[in-house]
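# Reading the structure
Given next are the chains, with one letter for each unit.
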Amino acid sequence: MNFVEARLAKLASNGDRNAFAELVELYKDKIFHLAYRMLNNKQEAEDAVQETFLRVYTNLHRYDENQKFSTWIFRIGTNLCIDKLRRRKPTYSLDAEMTDGEGNDYYAMLPSDEDTPEKQLIVSETQAQIHRAIETLPEKYKSVVILRYLHDMSLQEISDVLDMPVTTIKTRVHRGREYLRKRLEQEEQVVSTNPVRI
């Protein structure tokens, strides 16, 4: 696959618009999912996709065919999202509502047989909890957790994307996971001390 992508990148850098269109087709959904998970905003994610491909197009001459194209484009997309997060004023909220179920597909981290409405509700609530917890992650942990657990990247791939040593990635994944665990435990305690009365 990397050979095909490298070839397309080379053709695109020589002005072949069809080759670039193929690269866009291959990666637009993946970059959107990455951006949506990092930014939690559909419009911003769509903007990030456009900006990513604009940067890819203007920097194709810098692409090194010896590295995976996916690593290169994910690095561009991730860095753009990190820049957007840095420019934001912190507005994280534990009780931020999910908009019309958007993101549910992206956070389907738990297996489900979806047998009963009760089970669907529990899974949906769990996904919402995970979603909220990921939103509160400090920026330096957020990108590594998203790439590791939601994009299923290896530590080495994340290291390549973020241009950091694997040991740093390993530490951040561990600390991000611990942060999430504590956050989810806190939410669980709040729920158990304030049961819903019907």
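Our structure is the block above this text.
Read on for an overview of the structure. Since the model is a prediction, treat every value here as computed from it, not as a measurement. Within each chain, residues carry numbers counting from 1 in the order of the written sequence. Predicted model: local features are reported for residues with pLDDT of at least 70 only, side-chain atom pairs are reported and counted for 80 or more only, and whole-chain, interface and lining totals are derived from all residues. Side-chain descriptors were evaluated using all non-hydrogen atoms of the structure, hydrogens and water having been removed beforehand.

Mapped onto the secondary structure, Y179 falls in helix α8 (residues 166-193). Here the alpha-carbon distance between Y179 and Y141, two residues 38 residues apart in the chain, equals 8.9 Å. Setting aside chain neighbours within four positions, we find Y179 in contact with T136, L137 and P138. Between N or O atoms, a polar contact is any pair within 3.5 Å; within protein, one atom must be a potential hydrogen donor and the other a potential acceptor, and residues adjacent in sequence are included only when both atoms are from side chains. At 2.9 Å, the side chain of Y179 and the backbone oxygen of T136 are in polar contact. We count a stretch as a helix when DSSP gives it H or I for four or more residues in a row; a strand needs E for two or more, and each element gets its number in order from the N terminus. Contact criterion: two residues are considered in contact whenever any of their non-hydrogen atoms come within 4.5 Å of each other.

Inside soluble globular proteins, nonpolar side chains tend to come together where they are buried. Only buried residues count toward a nonpolar core. Its members are Ala, Val, Leu, Ile, Met, Phe, Trp, Tyr and Cys residues joined through side-chain atoms within 4.5 Å. Note on classification: 1.4 Å probe, protein chains only; a residue is buried when its accessible area is under 20% of the maximum for its type, exposed when over 50%, partly exposed between these limits. Counting residues in hydrophobic clusters, the biggest one holds 48 residues, and the most contacted among them are V56, F69, I73, F74, L147 and L162. Within the residue set of this core, elements represented by two or more residues are α1 (2-13), α2 (17-39), α3 (42-58), α4 (69-87), α5 (117-136), α6 (139-150), α7 (155-162) and α8. Here the element with the most residues in this core is α2; it accounts for 11 residues. The contact partners of L162, leaving out residues within four places of it in the chain, are T78, I82, S143, V144, L147 and I169.

Relative orientation of the contacting elements α3 and α4 amounts to 130°, with a least axis distance of 9 Å. In this view, α3 runs oblique relative to α4, as classed from their interaxial angle. In the crossing of α3 with α4, the sense of the turn from one axis to the other is right-handed. On the side of α3, the interface is formed by E44, D47, A48, E51, T52, F53, R55 and V56, while α4 contributes F69, W72, I73, I76, G77, L80, C81, D83 and K84. Its residues assigned to classes, the contact of α3 with α4 comprises nine nonpolar, two polar and six charged. Angles here are taken between N-to-C directions and fall from 0 to 180 degrees, while the axes themselves are lines fitted to C-alpha atoms, restricted in helices to the stretch in contact. By the definition adopted for this analysis, an angle is roughly parallel if under 35 degrees, roughly antiparallel if over 145, roughly perpendicular if from 65 to 115, and oblique otherwise. Throughout, a crossing is termed right-handed when the near helix is turned clockwise from the far one, and left-handed when it is turned anticlockwise from it by less than a right angle. For this classification, Asp, Glu, Lys and Arg are treated as charged, while Ala, Val, Leu, Ile, Met, Phe, Trp, Tyr, Cys and Pro are nonpolar and the rest, including Gly, are polar.

Shape descriptors only; they carry no functional weight alone.
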